Amino acid sequence: MPLSSRHLLGLQGVPREDIQLILDTATTFREVLERPIKKVPTLQGKTIVNLFYESSTRTRISFELAQKRLSADTINFSKSGSSTSKGETFKDTVKNIEAMKVDMIIVRHESAGVPQFLTRISNANIINAGDGRHEHPTQALLDMYSIRERLGKIEGLKVCIVGNIAHSRVALSNIHGLKSMGAEVSLCGPKTMIPKGIESTGVKVIHNIDEAIANNDVLNVLRIQLERKAGSTIPSLREYHNYFGITSERLEKFNRDIVILHPGPINRGVEISSEVADGPYQIILDQVTNGVAVRMAVLYLLGTKN
Amino acid sequence: MKILLKDLQVIDPSSKLNEKMDVLIEDGMITSLGITNSKELKDAKVIELDGKICAPGFYDMHVHFREPGREDEETVISGSNSAAAGGFTGVACMPNTSPDIDSAEVVNLIKERAKNHLVNVDVIGAATLKRSGEALSPIAEMVEAGIVAVTDDGAPIKTASILRSVLEYCQMYNIPVIEHCEEPSFTDGVMNESEISTQLGLPPKPTISEDLIVIRDIITVEYCGGRIHISHISSEKSVELVRQAKKRGLNITAEATPHHFTLTEDSLKTYDTNYKMNPPLRSQKDVEAVIVGLKDGTIDCIASDHAPHSIEEKEMEFIYAPDGVVGLETEVGLALTELYHKKHLTLEQIIEKFAINPRKILGLEIPSIEIGKKANLTIFDPNLVWTVDVSKFKSKSKNSPFDKRLLTGKSVAVINRGQMFYEGEFIKI
């Protein structure tokens with residue numbers, strides 16, 4: 001059974017069967033990654049462009065590796081900033097790249113909606129690698145894969161996303177994906193980091209980290225950065241750590257099994273203490289490994305759909 | 001030349017006229033109203049207009065004509081052609097050109113460009129030099145050159161103290177100060193703040209951004225006098241604030257755009273930049289409040305905020321695309337479809353909001369349909385069903401969110417300054 005769409009723009013509205021299919025396919029590719037020769041010929045002859053308009057290390061490397069493992073030809077294009085400032089427009093850049101006959105475009109951009117825009121100006125399969133504060137679907141898929149790998153299921157689990165929800169592309173994709181898979185999702189963070197009307201996605205919002213630890217099976221801890229306008233949403237990283245940081249003391253207080261995810265890069269001593277980041281509850285590096293398998297699954301399912 | 005417009009329903013709210021009659025125009029003047037025997041007027045060009053409405057010429061007090069500076073997007077002439085095609089005999093153009101309209105020279109340039117056109121092009125001067133909010137523009141010199149109002153449109157007048165100065169200075173010339181209400185610390189946003197902006201991941205702009213400046217302006221005008229006109233009002237709270245201010249007898253007026261009484265933020269879901277404007281499209285309850293404001297007179301007039309942008313500038317990543325839509329050629333159709341046919345406003349009220357009130361606000365002579373007066377008329381068919389086609393626009397720019405939309409009601413002809421625009425052409429009459 002193929003995926004219902006030829007693009008992966010986000011997880012909003014993606015049917016449960018599609019997510020299931022991606023996660024199941026990823027299991028097969030996960031096994032490939034354990035082989036001595038970690039390469040399959042599945043996408044031989046396909047050309048994939050990684051169009052990164054915003055800096056990224058892990059996501060770009062993960063996609064590139066997934067493409068190489070599937071024997072696709074890959075091109076990397078990185079540029080930062082607005083195309084309004086002198087030079088070629090985004091549309092012209094895309095048209096030029098496409099004229100070289102590419103099959104898929106992986107895109108990351110500072111502006112929400114760019115993947116949707118790409119589907120209107122290009123015939124390639126489009127995969128969203130993060131658009132503004134909108135979605136980052138492959139991150140949520142690898143998070144779900146990792147949760148399922150650790151706990152054997154997603155349905156019925158209680159998952160809390162902790163941190164700066166308002167500026168996160170990971171949060172929204174996780175909310176849509178997890179809800180679709182039957183998990184119960186809540187959010188925890190300072191009120192200034194919770195966007196207006198997020199409850200409309202069917203999540204509960206709390207502002208007490210102890211409550212989040214006490215009542216959930218999984219915490220997905222987001223990276224905290226001081227905004228351009230320092231102090232405009234939280235007074236300081238220190239205060240954030242003291243009131244919302246995940247520390248061993250907090251976890252031990254409740255003495256219960258909990259799984260901690262983090263999409264990285266981690267800020268030790270801010271949203272998560274070093275002890276927790278290296279401790280028994282976290283699965284942060286598993287997420288990274290699984291990320292390659294999940295991206296292989298997405299590339300394979302979209303690349304062989306046409 | 002004689003021209004006989006036959007079987008029109010003539011509606012002129014200022015003289016309480018609402019009658020079926022023929023209108024005879026000779027050399028640009030109305031010379032006869034009533035039933036005419038066309039056989040007796042062999043030399044007249046007769047145009048059958050049975051069932052069409054004849055009103056005083058419509059006026060749009062908020063257009064951006066991009067000249068000087070961005071003549072690739074719109075010129076005074078192409079914008080005026082667009083106005084004529086849309087049913088307008090007069091417009092007031094905004095000063096955020098390049099250079100800004102902050103000197104008598106630029107005012108004269110625009111007036112010179114427009115001097116032979118059917119459409120009267122009035123000019124709104126910048127309130128402050130380069131619209132930067134630091135120092136007053138040469139307002140008196142610009143008034144002498146013919147400006148009808150001042151504004152820093154694109155932004156509100158930066159500080160309350162400069163606003164006060166502008167209000168006091170303008171009282172000497174009895175011109176209004178037009179305000180784009182947007183509190184500057186919220187300008188990062190690109191759409192209305194709500195659960196939809198959250199779900200789309202687009203930086204939000206809350207309604208309080210607009211409301212706070214409306215409050216500031218009302219309080220300032222109450223303190224120091226003068227007149228303030230609120231541009232493109234879009235939030236429920238702002239409409240209520242203006243309603244209360246009017247009740248207190250303050251000199252506050254307001255306009256609403258067709259997009260703010262027709263569309264909601266739901267349209268943003270495709271990330272189509274033709275729905276990106278400022279103020280942004282708001283929620284359903286804001287749209288309803290704008291309509292109520294138009295009904296009860298809180299909102300005095302309808303204006304397009306006609307904002308031409310080139311295709312390459314609009315076909316851009318959403319957060320980088322410029323704000324604004326062209327509106328002159330869909331405005332009358334949208335008002336008739338959304339306000340008249342949905343029974344919110346009568347035809348008389350529509351005509352007041354297009355022909356009478358904007359001119360009152362700007363202190364312009366109101367054209368009346370009387371024998372011996374110059375013919376300044378808009379003739380429209382309230383029941384004509386048509387489909388918007390941006391490729392047919394007279395405007396140089398095509399950035400309309402209403403392309404392919406079915407509308408009921410359209411301008412058929414405009415007459416002004418001894419010219420008529422009819423069936424796509426300008427005719428000397």
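Along every chain, residues carry numbers that run from 1 in the direction the sequence is written. A letter from A marks each chain and a number from 1 marks each ligand, given out in the order of writing. Restriction of local features to residues with pLDDT of at least 70 applies here, the model being predicted, together with a cutoff of 80 or more for giving and counting side-chain atom pairs; totals for whole chains, interfaces and linings are based on all residues. As a rule here, side-chain values cover all heavy atoms of the structure and leave hydrogens and water aside.

J.: Would you mind going over the overall build of chain B with me for this structure?
T.: In terms of helices and strands, chain B carries twelve helices and 19 strands. The principal-axis extents of the C-alpha atoms in chain B amount to approximately 70 × 45 × 45 Å. By residue count, 63% of the 429 residues in chain B fall in the buried class. Contacts were defined at the residue level, with two residues in contact if any of their heavy atoms lie within 4.5 Å. Of the contacts formed within chain B by residues at least 6 apart in sequence, a portion of 74% connects residues at least 24 apart. Accessible surface, chain B as shown: approximately 15500 Å² in total, 50% of it carbon and sulfur. Put simply, chain B has 47 plus and 65 minus side-chain charges, and the middle of one group is 4 Å from the middle of the other. Strands here mean DSSP runs of E at least two residues long; helices mean DSSP runs of H or I at least four residues long; both are numbered from the N terminus. The buried label goes to any residue with under 20% of its type's maximum accessible area, the exposed label to any with over 50%, and the partly exposed label to all in between, with areas taken from a 1.4 Å probe on protein chains only. To be clear on the numbers: accessible area is Shrake-Rupley with a 1.4 Å probe, and residue cover counts the displayed protein chains and nothing else. Here the positive residues are Lys and Arg and the negative ones are Asp and Glu; neither His nor the chain ends is included. Here the site of a charge means NZ on Lys, CZ on Arg, CG on Asp, or CD on Glu.

J.: Looking at this structure, how should I read the domain arrangement of chain B?
T.: Accessible area lost upon the coming together of the parts is a frequently used measure of interface size. All names here are of chain B. Considered domain by domain, chain B is made up of domain 1 (2-54 + 371-383 + 408-428) and domain 2 (57-362). These domain boundaries are the output of an automatic or database domain assignment. Summarising the inter-unit geometry, the C-alpha centres of domain 1 and domain 2 are found 30 Å apart. Contacts between domain 1 and domain 2 engage 23 residues on the former and 28 residues on the latter. For the domain 1 face of the interface with domain 2, the top three residues by lost area are Pro13, Phe380 and Arg417, together amounting to 25%. In the sections that follow, a salt bridge refers to a side-chain nitrogen of Lys or Arg positioned within 4 Å of a carboxyl oxygen of Asp or Glu. Viewed at the interface, domain 2 and domain 1 are joined by zero salt bridges. Distance and chemistry together define a polar contact, namely a pair of N or O atoms within 3.5 Å, with one atom able to donate a hydrogen and the other to accept it when in protein, and with adjacent residues in sequence counting only for side-chain atoms on both sides. At the surface where domain 1 touches domain 2, the tally comes to 14 residue pairs in polar contact (both at pLDDT 80 or more). Within the residue set of the side of domain 1 that touches domain 2, elements represented by two or more residues are strand 16 (377-387), strand 17 (406-416) and strand 18 (419-422). Ranked by the residues each element gives to the side of domain 1 that touches domain 2, the list is headed by strand 17, at seven residues. Buried area: the accessible area, evaluated with a 1.4 Å probe, that two parts lose upon being put together, summed over both parts.

J.: What am I meant to see in the interface of chain A and chain B here?
T.: Taken residue by residue, the interface counts 27 residues in chain A and 21 residues in chain B. In this assembly, chain A packs against chain B so that about 2000 Å² is buried in total across both faces, 54% of it on carbon and sulfur atoms. Linking chain A with chain B are one salt bridge. For Lys91(A), the salt bridge is made with Glu315(B), and the minimal N-O distance between the two is 2.6 Å.

J.: Would you mind going over the sheet that holds strand 1 (residues 47-52) of chain A with me for this structure?
T.: Sheets are built from strands paired through backbone hydrogen bonds, the pairs being either parallel or antiparallel. Residues and elements named next belong to chain A. Taken together, the four strands give an open sheet; going across it, the order is 2-1-3-4, and neighbouring strands pair in parallel fashion. Looking at strand neighbours, the two that pair on one side only are strand 2 (73-78) and strand 4 (125-131), the edges of this open sheet. Taking each pair of neighbouring strands and ignoring which way they run, the sheet shows an average axis angle of 15 degrees. Between any two strands, at least two bridges found by DSSP are needed for them to pair. Here strand 3 (residues 104-109) pairs with strand 4 via five bridges, running parallel. Bridge pairing in strand 4 links His109 to Asp131. Every axis corresponds to a line fitted to the C-alpha atoms, with the helix fit spanning only the stretch in contact, and the corresponding angles, defined between N-to-C directions, vary from 0 to 180 degrees. Against the sheet, helix 3 (residues 90-99) touches strand 1, strand 2 and strand 3, its axis set at about 160 degrees to strand 1.

J.: Teacher, can you tell me more about the nonpolar core here?
T.: A general feature of soluble globular proteins is that nonpolar side chains tend to end up buried together. Counting 75 residues, the largest nonpolar core has Phe58(B), Val150(B), Val177(B), Ile230(B), Ile252(B) and Leu339(B) as the members making the most contacts within it. Broken down by element, this core gets its largest block of residues, six residues, from helix 12 (residues 347-362) of chain B. Split by domain, the residues of this core number at least three in each of domain 1 (2-54 + 371-383 + 408-428) and domain 2 (57-362) of chain B. Every residue in contact with Ile252(B), bar those within four places of it in the chain, is listed here: Ile218(B), Val221(B), Ile228(B), Ile230(B), Val242(B), Ala245(B) and Lys246(B). Only buried residues count toward a nonpolar core. Its members are Ala, Val, Leu, Ile, Met, Phe, Trp, Tyr and Cys residues joined through side-chain atoms within 4.5 Å. Membership of the second largest hydrophobic core comes to 61 residues, among which are Leu8(A), Phe63(A), Ile175(A) and Ala183(A).

J.: Looking at this structure, I do not really get helix 4 (residues 160-171) of chain B. What am I missing?
T.: Because the α-helix completes a turn every 3.6 residues, residues three or four places apart line up on one side. All names here are of chain B. One less than the number of residues in a helix, times 1.5 Å, gives the span that helix is expected to have. In a regular helix each residue adds 1.5 Å, so twelve residues correspond to 16 Å; helix 4 covers 17 Å between its end C-alpha atoms and thus fits that length. Listed in full, the buried residues belonging to helix 4 are Ile162, Leu163, Val166, Leu167 and Cys170. The buried residues of helix 4 occupy an angular sector of 140 degrees when projected down its axis, which confines them to one face. Tucked into the core, helix 4 has its buried residues touching helix 3 (139-145), strand 9 (149-151), strand 10 (177-179), helix 6 (207-224) and strand 13 (228-230). This arc corresponds to the set of directions leading from the helix axis out to the C-beta atoms.

J.: Is there a simple way to explain the domain arrangement of chain A in this structure?
T.: All names here are of chain A. Each assigned domain of chain A is listed with its residue range as follows: domain 1 (16-136 + 288-303) and domain 2 (137-284). Taken over C-alpha atoms, the centre of domain 1 sits 25 Å from the centre of domain 2. Taken together, the contacts link 29 residues of domain 1 with 29 residues of domain 2. When the two sides are added together, the surface that domain 1 and domain 2 hide from each other amounts to roughly 2400 Å², 54% of it contributed by carbon and sulfur.

J.: I would appreciate a short explanation of the environment of Met316(B) in the present structure.
T.: Following the sequence through the fold, Met316(B) ends up in the loop between helix 10 (311-314) and helix 11 (331-340). For the pair formed by Met316(B) and Asp272(B), sequence separation is 44 residues and the distance between their alpha carbons is 9.4 Å.

J.: Can you walk me through the packing of helix 11 of chain B against helix 12 of chain B in this structure?
T.: Relative orientation and spacing of two packed helices are given, respectively, by the angle between their axes and the distance between those axes. All names here are of chain B. At their nearest, the axes of helix 11 and helix 12 sit 11 Å apart, and the two run at 145 degrees to each other. For the pair helix 11 and helix 12, the crossing hand works out as right-handed. Contacts between helix 11 and helix 12 involve Glu331, Val332, Ala335, Leu336, Leu339 and Tyr340 from the first element and Leu347, Ile350 and Phe354 from the second. When the residues that make up the contact of helix 11 with helix 12 are grouped by side-chain class, the tally is eight nonpolar, no polar and one charged. Crossing chirality is assigned from the near helix's rotation relative to the far helix, an anticlockwise turn below a right angle marking it left-handed and a clockwise turn marking it right-handed. In this classification, Asp, Glu, Lys and Arg are treated as charged, Ala, Val, Leu, Ile, Met, Phe, Trp, Tyr, Cys and Pro as nonpolar, and every other residue, Gly included, as polar.

J.: Please explain the packing of helix 3 of chain A against helix 4 (residues 114-121) of chain A as it appears in this structure.
T.: Residue and element names in this part refer to chain A. The contact between helix 3 and helix 4 brings their axes to 11 Å, and the two run at 55 degrees. Relative to helix 4, the element helix 3 is oriented oblique. Considering only the axes of helix 3 and helix 4, their crossing is right-handed. Each of Phe90, Lys91, Val94, Lys95 and Glu98 in helix 3 lies in contact with helix 4, whose residues at this interface are Val114, Phe117, Leu118 and Ile121. Across the contact of helix 3 with helix 4, the residue classes break down as six nonpolar, no polar and three charged. Roughly parallel means an angle under 35 degrees; roughly antiparallel means over 145; roughly perpendicular covers 65 to 115; every other angle is labelled oblique.

J.: Would you mind going over a nonpolar patch on the surface with me for this structure?
T.: All names here are of chain B. Patch definition: residues above 30% relative accessible area lacking any salt bridge, with like charges linked at up to 9 Å and the nonpolar side chains Val, Leu, Ile, Met, Phe, Trp and Tyr linked at up to 5 Å. A surface patch of nonpolar side chains, amounting to about 280 Å² of accessible area, comprises Tyr169, Met172 and Tyr173. Within the element layout of this structure, Tyr169 appears in helix 4. Residue classification places Tyr169 among the partly exposed positions, given a relative accessible area of 31%.

J.: Hey, could you run me through the packing of aromatic side chains in this one?
T.: Ring pairs (aromatic) are described by centroid distance and by the angle formed between their planes. Pairing of aromatic rings covers Phe, Tyr and Trp, the last through its six-membered ring, and needs centres within 6.5 Å; plane angles under 30 degrees mean stacked, over 60 mean edge-to-face, and all others mean tilted. Taken as a whole and judged by the stated rule, the model has twelve aromatic pairs over all chains. Seen in terms of ring centroids, Phe29(A) and Tyr300(A) are 5.6 Å apart; in terms of plane orientation they differ by 70 degrees. Their pairing is edge-to-face. With a gap of 271 residues between them, Phe29(A) in helix 1 (residues 16-32) and Tyr300(A) in helix 11 (residues 284-303) connect regions that are remote in the sequence. Here Phe29(A) falls in the buried class, since its relative accessible area comes to 7%. Geometrically, the ring pair formed by Phe58(B) and Phe354(B) is stacked, given 4.9 Å between the ring centres and 20 degrees between the ring planes.

J.: Help me understand unusual backbone geometry in this model?
T.: Phi is mostly negative for residues that are not glycine, and the peptide bonds are mostly trans. For the bond running from Glu67(B) to Pro68(B), omega is 5 degrees, close enough to zero to count as cis. Here Pro68(B) is to be found in the loop between strand 6 (58-63) and helix 1 (76-86). The backbone of Ser71(A) shows a phi angle near 65 degrees, a positive value even though the residue is not glycine. Note on placement: Ser71(A) falls in the loop between helix 2 (58-69) and strand 2. When its relative accessible area of 12% is taken as the criterion, Ser71(A) is described as buried. Phi is positive for His232(B), close to 25 degrees, though the residue is something other than glycine. As for its position among the elements, His232(B) is in the loop between strand 13 and helix 7 (236-247). Exposure remark for His232(B): the relative accessible area of 2% places this residue in the buried category.

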